[in-house]
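Examination of the molecular architecture
Spelled out from the first residue to the last, the chains are:
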Amino acid sequence: MEKINNSEESALELTFLMGTLLLENGAEVSRVMDTMERVAKAYKVDQVGIYVITNGVFANGIENGVSKHTVITYVKNSSIHFGRICALNQLSREICAGKHSISEAMEIAKEINNIPYTPDWLLALASGVGCAGFCFIFGGTLIDSIVSFVIGVAVQMFLTMADRHAMAKIFQNILSSSICAIMALAFTKFGFGQNIEMIIAGAVIRLVPGVSLTTAIRDFFNSDYLSGTIRLIDASLVGCCIAIGVGVVFMLASKLAFI
């Protein structure tokens, strides 16, 4: 990110910072652009031009008669953080209501960026509960749901470890889905669980890219076709990785006469 001069008192710098934070934490393109435009307008920026795609921002403007610009060539999409998105939305509303000076808003935005993620143990628990719930909804028995719970916890623990080691997303998804299939096969083989299809269906829910797919559809409806296509491709790749991971495990298990 190319900083502009006098960033502490620059409405444009604040605008760019808020847009970047929203995009990094999973907000859709239309929300990012709308927020940036509203913040710039609230601080009476003379002129502003904004272009946002899924992983990049370009913006320039004229503030107090001086032309300023910043270029963000790449914005890494980290894990989705709805808490930060909601806090930034609230900050933008307060800015539009005239409640904060530029420096105050800048400090609040930086504090929002420090809001921590959910603790690892809570993520694992939530993953297990979600997998168990979907397994039951899909028609699994109570035992099947318990097995899905265990697999969901194990998969989330693996994903947490993979994130810490910066493992590529494609490998994360393939290996995670493989873990789902291996554990489901092992549990049912030894008599824990009855419906392996329901167990796996529930367990892989943790990997399904629901947010990416939903955001892609919203981008298309907002005529952000490039961003929508990028997110749709991302969601499709995740689906393919899940299919590859589960399919390879079942193919090997069949050849080894495990099933």
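Residues numbered from 1 in each chain as written. Predicted model: local features only at pLDDT ≥ 70, side-chain atom pairs only at ≥ 80, totals over all residues. Heavy atoms only, no water.

So, the packing of helix H2 (residues 29-42) against helix H3 (residues 82-96)
Helix-helix packing is described using two parameters, namely the angle between the two axes and the distance between the axes. The following threshold applies: With axes taken as lines fitted to C-alpha atoms, and helix axes fitted only over the stretch in contact, angles between N-to-C directions fall between 0 and 180 degrees. Each helix corresponds to a stretch of at least 4 residues labelled H or I by DSSP, and each strand to a stretch of at least 2 residues labelled E; elements are numbered beginning at the N terminus. Angle categories are assigned with fixed cut-offs, so that under 35 degrees is roughly parallel, over 145 is roughly antiparallel, 65 to 115 is roughly perpendicular, and the rest are oblique. Here a crossing is taken to be left-handed if its near helix is turned anticlockwise relative to the far helix by less than a right angle, and right-handed if that turn runs clockwise. In what follows, a contact means two residues having at least one pair of non-hydrogen atoms within 4.5 Å. Here the nonpolar group is Ala, Val, Leu, Ile, Met, Phe, Trp, Tyr, Cys and Pro; Asp, Glu, Lys and Arg are the charged ones; every other residue, Gly included, is treated as polar.
Their axes nearest at 9 Å, the elements H2 and H3 cross at an angle of 30°. Taken together, the axes of H2 and H3 are roughly parallel relative to one another. In this structure, H2 meets H3 at a crossing whose hand is left-handed. Contacts between H2 and H3 involve Arg-31, Thr-35, Arg-38, Val-39 and Ala-42 on the former and, on the latter, Ile-85, Asn-89, Ser-92, Ile-95 and Cys-96. Looking at the contact of H2 with H3 residue by residue, the classes come out as 5 nonpolar, 3 polar and 2 charged.

Quick word on the side chain of Thr-54
Which entries qualify depends on this criterion: In this scheme, a residue with accessible area under 20% of its type's maximum is buried, one over 50% is exposed, and one in between is partly exposed, where area comes from a 1.4 Å probe on protein chains only. Polar contact is the term for a pair of N or O atoms within 3.5 Å; when the atoms are in protein, one must be able to donate a hydrogen and the other to accept it, and sequence-neighboring residues count only if both atoms are side-chain atoms.
Mapped onto the elements, Thr-54 comes out in the loop between strand S1 (47-53) and strand S2 (56-63). Note on Thr-54: relative accessible area 5%, which makes it buried. Within the structure, Thr-54 has its side chain in polar contact with the backbone oxygen of Ser-227 (distance 3.2 Å).

Details of helix H5 (residues 120-137)
So the rule is basically this: One less than the residue count of a helix, multiplied by 1.5 Å, gives the span that helix is expected to have. Throughout, the arc means the angular range of directions from the helix axis out to the C-beta atoms.
Taking 1.5 Å of rise per residue, 18 residues should cover 26 Å, and H5 covers 26 Å from first to last C-alpha, within 8% of that figure. All buried positions along H5 are accounted for by Ala-124, Ser-127, Gly-128, Cys-131, Ala-132 and Cys-135. Along the axis of H5, the buried positions cluster into a sector of 125°, meaning they face one direction only. Away from its buried face, by an angle of more than 90 degrees, H5 presents the exposed residues Phe-136 and Ile-137. Next to the buried residues of H5 lie helix H6 (142-164) and helix H8 (196-203). Trailing H5 by a residue or two, Gly-139 shows a phi angle of about 110°, which is positive.

Here we look at the environment of Gly-128
Residue placement: Gly-128 occurs in helix H5. As a C-alpha pair, Gly-128 and Val-52 span 76 residues in sequence and 36 Å in three-dimensional space. Excluding residues within four positions of it along the chain, Gly-128 makes contact with Ser-148, Phe-149, Gly-152 and Val-153.

Some thoughts on the pattern of salt bridges
As a working rule, side chains carrying opposite charge can pair if their charged atoms are close by. Stated formally: What makes a salt bridge here is a side-chain nitrogen of Lys or Arg within 4 Å of a carboxyl oxygen of Asp or Glu, nothing more.
Under the counting rule described, the total for this entry stands at 6 salt bridges. We note a salt bridge from Asp-34 to Arg-38, for which the minimum N-O separation is 2.9 Å. Of this pair, Asp-34 and Arg-38 both sit in helix H2, 4 residues apart, roughly one helical turn. By relative accessible area, which is 34% here, Asp-34 ends up partly exposed. Overall, Arg-38 belongs to the partly exposed group, its relative accessible area being 45%. Salt bridges linked by common partners bring Glu-28, Arg-31 and Arg-218 together as one network.

Points about the pairing of S1
Going by this rule: One requirement defines pairing of two strands: DSSP has to find at least two bridges between them.
Sheet topology note: the S1/S2 ladder contains 7 bridges and is antiparallel. From the neighbouring strand, Val-48 faces S2, where its bridge partner is Gly-61. Two successive antiparallel strands, S1 and S2, enclose a turn made up of 2 residues.

Topic: the environment of Thr-188
Note on placement: Thr-188 falls in helix H7 (residues 169-189). Taking the relative accessible area as the measure of exposure, Thr-188 reaches 21% and is therefore partly exposed. Here the alpha-carbon distance between Thr-188 and Thr-214, two residues 26 residues apart in the chain, equals 34 Å.

Focus on H3
Its 15 residues place the ends of H3 21 Å apart at the C-alpha level, agreeing with the 21 Å of an ideal helix rising 1.5 Å per residue. Residues of H3 that are buried include every one of Arg-84, Ile-85, Leu-88, Asn-89, Leu-91, Ser-92 and Ile-95, and no others. All buried residues of H3 lie within an arc of 160° about the axis, which places them on one face of the element. Along H3, exposed side chains directed more than 90 degrees from the buried face belong to Cys-86 and Arg-93. Of the surrounding secondary structure, the elements contacted by the buried residues of H3 are helix H1 (11-24), H2 and helix H4 (102-112).

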